[in-house]
Amino acid sequence: MKVAEAVGRALYAAGVGQVFGVVGSGNFHLTNAMVAAGSRFVAARHEGGAATMADAYARMSGTVAALSVHQGPGLTNAMTGIAEAAKSRTPLLVLAAEVTEPRSNFYVDQEALARSVGAVSARVTSAEDVVTEALDAVRRAVCERRTVLLNLPLGVQALDVPDARDDASTLAVVPPERAPVEPEFADAEALARVLEKSRRPVFVAGRGARSPGARDALAALAERHGALLATSAVARGLFHGDPWSLDVSGGFASPLAAELIQQADLIVGWGCALNMWTMRHGRLIGPDSTVVQVDDDTSALGAHREVHLGVTGDVELTARRALETHDANRQPQQGEQAQQGHRAQQRQQSRQGFRTADIGAAIAARVRWRDVPYDDTSTRERIDPRTLSIALDDILPAERVIGVDSGNFMGYPSMYLSVPDENGLCFTQAFQSIGLGLATAIGAALARPDRLPVAALGDGGAMMGAAEFDTVRRLGLPMVVVVYNDDAYGAEVHHFGPDGHPLETVEFPPTDIAAVARGYGFEAVTVRTRADLKAVEDWLAGPRSAPLLVDAKVVADRGAWWLEEAFRGH
């Protein structure tokens, strides 16, 4: 058995069941070995798309995924997607063939490339140790939540593996997920004391809280202390349906959500970075607010802003410990009747906090962006993106998974299209690259085949990632692709245009993206008015035998509300 085959078998045995990539001579045997072992391989049309598909799949499935690429240009083509995954701490394994001879035209310093974007680099070095080295890479991706580049030198791939070394089952099994970090008792007690003193607490949950267990624990703790609930964009949908949910905190926040968060006397970030996006460069934090951050990575505490209390611990475990600590401080009672009385007492102990009748009514009426009044600027030729998004929200099934590209348009689908839970929005925006949205939706669709996949793109990102239209059609995905088409890179138009700068470099002649999609085998419709969306309703009612692209000609007369926030970070 060759090293390439041994690696493929070992990775599948370690739980890497989904692989994306573009196959060249250097990764041909490895990829085929993984397929032969049982992994599913999805061929993308570009390595950049493959990287983002793998990233999105890992996020939505909760498992480690793999990306397989050719040496040199195969890896460099994938680097933007790898950078996004690394910055997001996605457990992802990048399998890259490697040449070690500097005079080769394929040679690049692949280890340095990985380091430059925050990924971890590893290498297969010998036939004797190949299985151990491969499994160590998987273990590091899972246990450290890192994107790991496993370099596979061509010469090593071709070596014969000693018979005694080719059985992955003889080695320790890679854990399926990172072990939850127990918080220190003193930290949980300190958190409980801070919560007890608060009268207007707000919980902001992030990537580290994206699980049903964490959601339930946070909801129970919030109820006990009268806290309002919010999320980062990455965790949107976590508190869907909760009457005290403010939806997203930060640049995407609705006016009411921002107002209430600013009034909080305590903000607790749960698995959330509390960075410039989530806290609007700190402007959502009131002058007298106490800031607490809970994260299972100690290095994340206070990384973006000063915190009054930092707790190292898993979100669910920490929330439950804080709840138990609160209850333990109450006078215990004995016997069954006493226990029933104690439970009733616990319910009575839940404080009103921020949960007043007036605030509840305001949240019900005004916290969603679609409930915020606006002047509809639609014309006979172009539709207001807010009108488009509200209409799509009403038309599309509630069970959906949305992938969003970057650009001026992105807040509209991210906030106007509702999602059923924390697995309804795949938000690959840590690197803020355009062109990743379609690949994001493909990876998310494969991870959640029970939901209608929706890709929300700008025209720039759609054309940049258009090669993957073929992948959507080839995989038979019943996807709806919505292109917010303003014939420009809208973010730059609205940022530089008001100052009188020339815009010829960021504006384009009208493009019939619907025709482009039809060329790939899509059904397609051009939308200029609300009435044109009847075609979407007809597609949903039909067999959905081909994906649908909506080329929405949107009004281009204004920048999105979140755009000013975005450019503050430049």
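Scroll up for the structure.
Nothing here was measured: the structure is a model prediction, and the numbers come from that model.

**Student:** Would you mind going over the layout of surface pockets with me for this structure?
**Tutor:** Over the atoms rolls a probe the size of a water molecule, and in doing so it shows where empty space is left. By volume, the second largest pocket amounts to about 470 Å³. Those elements that place two or more of their residues in the lining of the second largest pocket are β9 (245–248), α13 (357–366) and α15 (411–416). For the lining of the second largest pocket, the element with the highest residue contribution is β9, accounting for three residues. Its residues placed into classes, the lining of the second largest pocket shows 12 nonpolar, six polar and seven charged.

**Student:** Explain the packing of helix α3 (residues 47–61) against helix α4 (residues 73–87) here, please?
**Tutor:** In helix packing, the relevant descriptors are the interaxial angle and the interaxial distance, both defined with respect to the helix axes. Taken N-terminus to C-terminus, the directions of α3 and α4 make an angle of 30 degrees; their axes are 7 Å apart at the nearest point. Of the possible angle classes, the one that applies to α3 and α4 is roughly parallel. Here α3 runs over α4; the crossing is right-handed. Taking contact as the criterion, the partners of Glu 47, Gly 48, Ala 51, Thr 52, Asp 55 and Arg 59 in α3 are, on α4, Gly 74, Asn 77, Ala 78, Gly 81, Ile 82, Glu 84 and Ala 85.

**Student:** Sorry, what's going on with the side chain of Arg 400 here?
**Tutor:** For Arg 400, the location among the structural elements is in strand β13 (residues 400–404). Judged by its relative accessible area of 1%, Arg 400 is buried. Beyond its immediate sequence surroundings of up to four residues, Arg 400 is in contact with Asp 393, Leu 417, Ser 418, Pro 420, Gly 424, Arg 451 and Leu 452.

**Student:** Help me understand empty space enclosed by the protein, please; the structure alone is not making it clear to me.
**Tutor:** All told, the structure shown has two cavities of 30 Å³ or more when counted by the stated rule. Estimated volume of the largest cavity: approximately 80 Å³. Lining the largest cavity, in full, are Pro 385, Asn 408, Phe 409, Tyr 412, Asp 486, Val 554, Val 555, Ala 556 and Arg 558. In terms of residue class, the lining of the largest cavity is built from six nonpolar, one polar and two charged. Approximately 40 Å³ is the volume found for the second largest cavity. Among the secondary structure elements, those contributing two or more residues to the lining of the second largest cavity are α4, α5 (110–116) and β6 (147–153).

**Student:** Please explain the sheet that holds strand β12 (residues 309–312) as it appears in this structure.
**Tutor:** The strands making up a sheet associate through hydrogen bonds between their backbones, and the pairing can be parallel or antiparallel. Pairing is parallel across the open sheet formed by six strands, whose spatial order is β9-β8-β7-β10-β11-β12. For this open sheet the edge positions go to β9 and β12, each flanked by a neighbour on one side alone. Taking the axes of each pair of neighbouring strands and ignoring which way they run, one obtains an average angle of 15 degrees across the sheet. Helix α10 (residues 255–262) contacts β7 (201–205), β8 (228–231), β9 and β10 (266–270) of the sheet and is inclined by roughly 110 degrees relative to β9.

**Student:** Is there a simple way to explain the environment of Leu 92 in this structure?
**Tutor:** Its place among the elements puts Leu 92 in strand β4 (residues 92–98). Here the alpha-carbon distance between Leu 92 and Val 291, two residues 199 residues apart in the chain, equals 32 Å. In contact with Leu 92, other than residues within four places in its own chain, are Ala 51, Ala 54, Asp 55, Val 64, Ala 65, Ala 66, Ala 85, Ala 141, Arg 146, Thr 147 and Val 148.

**Student:** Please explain the environment of Ala 235 as it appears in this structure.
**Tutor:** In this fold, Ala 235 is placed in the loop between β8 and β9. For the pair Ala 235 and Ala 209, spaced 26 residues apart in sequence, the C-alpha to C-alpha distance is 7.5 Å. When near neighbours in sequence (up to four residues on either side) are disregarded, Ala 235 contacts Ala 205, Gly 206, Arg 207, Arg 210 and Glu 422.

**Student:** Sorry if this is basic, but what is going on with helix α9 (residues 212–225) here?
**Tutor:** Given 3.6 residues per turn, any residue in an α-helix points the same way as the ones three and four places further on. For α9, spanning 14 residues, the distance from its first C-alpha to its last is 20 Å, which sits close to the expected 20 Å at 1.5 Å a residue. Positive backbone phi, at 70 degrees, marks Gly 226, one or two positions downstream of α9.

**Student:** When you look at the pattern of salt bridges in this model, what are you seeing that I'm missing?
**Tutor:** Pairs may arise between side chains of opposite charge once their charged atoms sit close together. A complete count under the given rule lists 34 salt bridges for this structure. With a closest N to O distance of 3.6 Å, Glu 111 and Arg 123 form a salt bridge. Residue Glu 111 is located in helix α5, and its partner Arg 123 is located in strand β5 (residues 120–123); the two are separated by 12 residues in the primary sequence. Measuring nitrogen to oxygen at the nearest pair gives 3.8 Å for the salt bridge that ties Glu 189 to Arg 193.

**Student:** What am I meant to see in the pairing of β10 here?
**Tutor:** The side chains of a regular strand alternate between both faces of the sheet. Burial runs high along β10: five of the five residues are buried. Bridging between β7 and β10 involves five bridges; their strand directions are parallel. If you follow Pro 201 over to β10, its bridge partner there is Leu 266. Note: β10 against strand β11 (residues 290–295), five bridges, orientation parallel. Residue pairing across strands places Leu 266 opposite Thr 290, the latter belonging to β11.

**Student:** Even after reading the chapter, I still don't get the packing of helix α1 (residues 3–13) against helix α6 (residues 130–143), so can you show me in this structure?
**Tutor:** Look at α1 against α6: their axes get within 9 Å of each other, and the N-to-C directions meet at 40 degrees. In terms of orientation, α1 and α6 fall into the oblique class. In terms of crossing hand, the pair formed by α1 and α6 is right-handed. Together, Val 3, Ala 6, Val 7, Ala 10 and Leu 11 of α1 and Val 130, Val 131, Ala 134, Leu 135 and Val 138 of α6 make up the contact between the two elements. Taken together, the residues of the contact of α1 with α6 sort by class into 10 nonpolar, no polar and no charged.

**Student:** Got a minute to help me understand the nonpolar core in this structure?
**Tutor:** In a soluble, globular protein the nonpolar side chains are often hidden away together inside. Formed by 54 residues in total, the largest nonpolar core has its most connected members in Leu 67, Ile 82, Leu 438, Met 479, Val 481 and Leu 549. With near-sequence residues (within four places) excluded, Ile 82 lies in contact with Ala 51, Leu 67, Leu 75, Val 94, Val 117, Ala 119 and Thr 147. Formed by 43 residues, the second largest nonpolar core is a distinct cluster that contains Phe 409, Val 550, Ala 552 and Val 554.

**Student:** What should I look at first to understand the sheet that holds β4 in this one?
**Tutor:** Taken in spatial order, the six strands of this open sheet run β2-β1-β3-β4-β6-β5, and their pairing is parallel. Every interior strand has two partners, whereas the edge strands, β2 (40–43) and β5, have only one. Taking the axes of each pair of neighbouring strands and ignoring which way they run, one obtains an average angle of 25 degrees across the sheet. Both β4 and β6 contribute to a ladder of seven bridges, which runs parallel. Note that in β6 the partner of Ala 97 across the bridge is Leu 152. Contacts from α4 reach β3 (65–69), β4 and β6, with the element oriented near 160 degrees to β3. α6 rests against β4, β5 and β6 of the sheet, and its axis sits at about 165 degrees to β6.

Calculation rules
Residues numbered from 1 in each chain as written. Predicted model: local features only at pLDDT ≥ 70, side-chain atom pairs only at ≥ 80, totals over all residues. Heavy atoms only, no water. 1 Å grid on protein atoms, 1.4 Å probe; cavity = no way out; pocket = protein on both sides within 12 Å on 5 of 7 lines; lining within 4 Å. Points joined across faces, edges and corners; volume = space filled by probe spheres on them. Helix = DSSP H or I, 4+ residues; strand = E, 2+ residues; numbered from the N terminus. Nonpolar A, V, L, I, M, F, W, Y, C, P; charged D, E, K, R; others polar. Axes fitted to C-alpha atoms, helices over the stretch in contact; angles between N-to-C directions. Parallel < 35°, antiparallel > 145°, perpendicular 65-115°, else oblique. Left-handed = near helix turned anticlockwise from the far one by under 90°. Contact = heavy atoms within 4.5 Å. Buried < 20%, exposed > 50% of the residue type's maximum accessible area, 1.4 Å probe, protein only. Pairing = 2+ DSSP bridges. Expected span 1.5 Å × (residues − 1). Salt bridge = Lys/Arg side-chain N within 4 Å of Asp/Glu carboxyl O. Core = buried A, V, L, I, M, F, W, Y, C linked by side-chain atoms within 4.5 Å.

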